[in-house]
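Chains, contacts and geometry: an overview
The chain contents come next:
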Amino acid sequence: AQSVTQLDSQVPVFEEAPVELRCNYSSSVSVYLFWYVQYPNQGLQLLLKYLSGSTLVESINGFEAEFNKSQTSFHLRKPSVHISDTAEYFCAVSAGTGNTGKLIFGQGTTLQVKP
Amino acid sequence: DTGVSQNPRHKITKRGQNVTFRCDPISEHNRLYWYRQTLGQGPEFLTYFQNEAQLEKSRLLSDRFSAERPKGSFSTLEIQRTEQGDSAMYLCASSLAAGGLGDTQYFGPGTRLTVL
C-alpha cells in the first residue's frame, strides 16, 4: 500500500522569505508524485508533478520540487514567497494495481505568509 | 473549457435522509474520480470510473454509498440513510487517460455535506 506523510501541518513564514514544505511517501512500486494547492474557497489545482526524467520539476509561479528516490521524498520549495501563496498544499502519489490513477494524498500543509 | 462542475455546492440534511450529488466532468475526459475530504485531512479516494464502468471502489465506500456514470458523461454519488459521520466535502475529479498513471486530475469545487 502507498502512503504520504506531510511532516508539517502549518508553516508560517514572512513575505519574501524562502519556504520548504516537506513530503515523504511510502510505496513498494514506482510512483508518480504531485503537489496540489487549494486556495481559500477554491478547488484543488495542480501545482506540479513528477513522472520521470529530471528529478527537479518546476511550476509556473516559482515553486519547485525535487524527487529523491533514496529518501522517498518530494519536498516543495520556493525561494521567495508572496502573500498570495497563502493556501493549503497537498502532496499526493499515484500508484497501485491496474491502471486507475487514483491519488493518495497527504494530510496537507497550511502555508501562512505574513506581511 | 468550463472545468469540472459539482452540484449542489452545499447540502444540509437530517440523519437518515438520502442525498444525491452530481458531477459534470470536463468534456471528453474518460476518467472520473470521487474523493471525500474531512476537516484537516487530505482527500481520500472513494471510487473511479473509466467511461461508464466503475472499476474500483474504496473500502470507505459502504453499501450506503452508490455511484453511477451513465453513458460515460456526468456522474452521481448517492448516500442512503445518511449518518453524521458522512459530513464532509465530496470532491469530483476528471482526467483524460494517456495510458499511464500520471494523468492530471482536474478537481471540481466540491459539495459540502452537513448531516444534522
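For the structure itself, look to the data block above.
Residues numbered from 1 in each chain as written. Chains lettered and ligands numbered in written order. Predicted model: local features only at pLDDT ≥ 70, side-chain atom pairs only at ≥ 80, totals over all residues. Heavy atoms only, no water.

Notes on the overall build of chain B
Summing up its helical and strand segments, chain B has zero helices and eleven strands in all. The helix and strand sequence of chain B, counted from the amino end, reads β-β-β-β-β-β-β-β-β-β-β. In terms of overall dimensions, chain B is globule-like: its C-alpha atoms have a radius of gyration of 14 Å, near the 13 Å expected for 116 residues. By the burial criterion, 48% of the 116 residues in chain B qualify as buried. Sequence separation of at least 24 residues holds for 53% of the intrachain contacts in chain B that already meet a minimum separation of 6. Of the roughly 5900 Å² of accessible surface on chain B, 46% is carried by carbon and sulfur atoms. Between the centroid of the 14 positive side chains of chain B and the centroid of its 12 negative side chains there is a distance of 7 Å. (Helix = DSSP H or I, 4+ residues; strand = E, 2+ residues; numbered from the N terminus. Rg over C-alpha atoms; globule rule 2.2 N^0.38 Å. Buried < 20%, exposed > 50% of the residue type's maximum accessible area, 1.4 Å probe, protein only. Contact = heavy atoms within 4.5 Å. Areas by Shrake-Rupley, 256 points an atom, 1.4 Å probe, with all protein chains shown as cover. Lys, Arg positive; Asp, Glu negative; His and termini not counted. Charge placed at Lys NZ, Arg CZ, Asp CG, Glu CD.)

Observations regarding the side chain of R64 of chain B
All names here are of chain B. By secondary structure assignment, the location of R64 is in the loop between β6 (53-57) and β7 (65-68). R64 sits in the buried class, given a relative accessible area of 9%. Residue contacts for R64: discarding those within four places in its chain leaves E78, I79, Q80, R81, T82, E83 and D86.

Quick word on the packing of aromatic side chains
In total, this model carries 14 aromatic pairs over all chains according to the counting rule given. Ring centres of F63 of chain A and Y89 of chain A lie 5.5 Å apart, and the angle between their planes is 45°; this geometry places the pair in the tilted category. Separated by 26 residues along the polypeptide, F63 of chain A in the loop between β7 (56-58) and β8 (64-68) and Y89 of chain A in strand β10 (residues 87-94) bring together distant segments of the chain. The same class applies to F63 of chain A and to Y89 of chain A, which are both buried. Their ring planes at 40° and their centres at 5.4 Å tell us that F21 of chain B and Y90 of chain B sit as a pair that is tilted. (Phe/Tyr/Trp six-rings, centres within 6.5 Å; stacked < 30°, edge-to-face > 60°.)

Remarks on the pairing of strand β9 (residues 73-78) of chain A
Residue and element names in this part refer to chain A. Where burial is concerned, most of β9 is hidden: five out of the six residues are buried. Examined bridge by bridge, β8 and β9 share five bridges and lie antiparallel to one another. Its bridge partner being in β9, E64 is matched across the sheet by R77. As consecutive antiparallel partners, β8 and β9 are separated by four residues, and within that stretch T72 has a phi angle of approximately 45°, a positive value. (Pairing = 2+ DSSP bridges.)

Quick word on the interface of chain B and chain A
The interface is formed by 22 residues belonging to chain B together with 21 residues belonging to chain A. For the pair chain B and chain A, the two sides together bury roughly 1700 Å², of which 52% comes from carbon and sulfur. Applying the counting criterion to the chain B and chain A interface returns one salt bridge. A salt bridge links K102 of chain A to E56 of chain B; its shortest N-O distance comes to 2.6 Å. Inspection of the region where chain B meets chain A yields five residue pairs in polar contact (both at pLDDT 80 or more). Of all the secondary structure elements, the ones that give two or more residues to the side of chain B that touches chain A are β4 (31-37) and β5 (44-50) of chain B. Here the side of chain B that touches chain A gets four residues from one element, more than from any other, and that element is β4 of chain B. Its residues assigned to classes, the side of chain B that touches chain A comprises nine nonpolar, ten polar and three charged. (Buried area = accessible area lost by both parts, 1.4 Å probe. Salt bridge = Lys/Arg side-chain N within 4 Å of Asp/Glu carboxyl O. Polar contact = N/O pair within 3.5 Å; in protein donor to acceptor, adjacent residues only side chain to side chain. Nonpolar A, V, L, I, M, F, W, Y, C, P; charged D, E, K, R; others polar.)

A word on the nonpolar core
Note on soluble globular proteins: their nonpolar side chains tend to be buried together. Counting 30 residues, the largest nonpolar core has L33, W35, L47, L48, F74, L76 and Y89 of chain A as the members making the most contacts within it. Of the residues forming this core, the biggest block, four residues, is contributed by β10 of chain A. Excluding its chain neighbours within four sequence positions, the residues that come into contact with L47 of chain A are W35, Y36, V37, S59, N61, F63, L76 and Y89 of chain A. Counting residues in hydrophobic clusters, the runner-up holds 19 residues, among them V19, C23, F49 and L113 of chain B. (Core = buried A, V, L, I, M, F, W, Y, C linked by side-chain atoms within 4.5 Å.)

Some words on the sheet that holds strand β3 (residues 19-24) of chain B
Residues and elements named next belong to chain B. Judged by pairing direction, the sheet is antiparallel, and its four strands sit side by side in the order β1-β3-β8-β7 without closing on themselves. The outermost strands of the open sheet, each flanked by one partner alone, are β1 (5-7) and β7. Within this sheet the neighbouring strands show an average axis-to-axis angle of 15°, counted without direction. (Axes fitted to C-alpha atoms, helices over the stretch in contact; angles between N-to-C directions.)

Notes on the state of the cysteines
With the rule as written, the count across this model stands at two disulfides over all chains. Through a disulfide, C23 of chain A is tied to C91 of chain A; the S-S separation comes to 2.0 Å. Its torsion about the S-S bond being -65°, the disulfide of C23 of chain A and C91 of chain A is classed as left-handed. With C23 of chain A in strand β4 (residues 23-26) and C91 of chain A in strand β10, this pair connects stretches of sequence that are 68 residues apart. For C23 of chain A, a relative accessible area of 0% gives the class buried. Classification of C91 of chain A as buried rests on a relative accessible area of 0%. Sulfur-sulfur distance for the disulfide between C23 of chain B and C92 of chain B comes to 1.8 Å. (Disulfide = S-S within 2.5 Å.)

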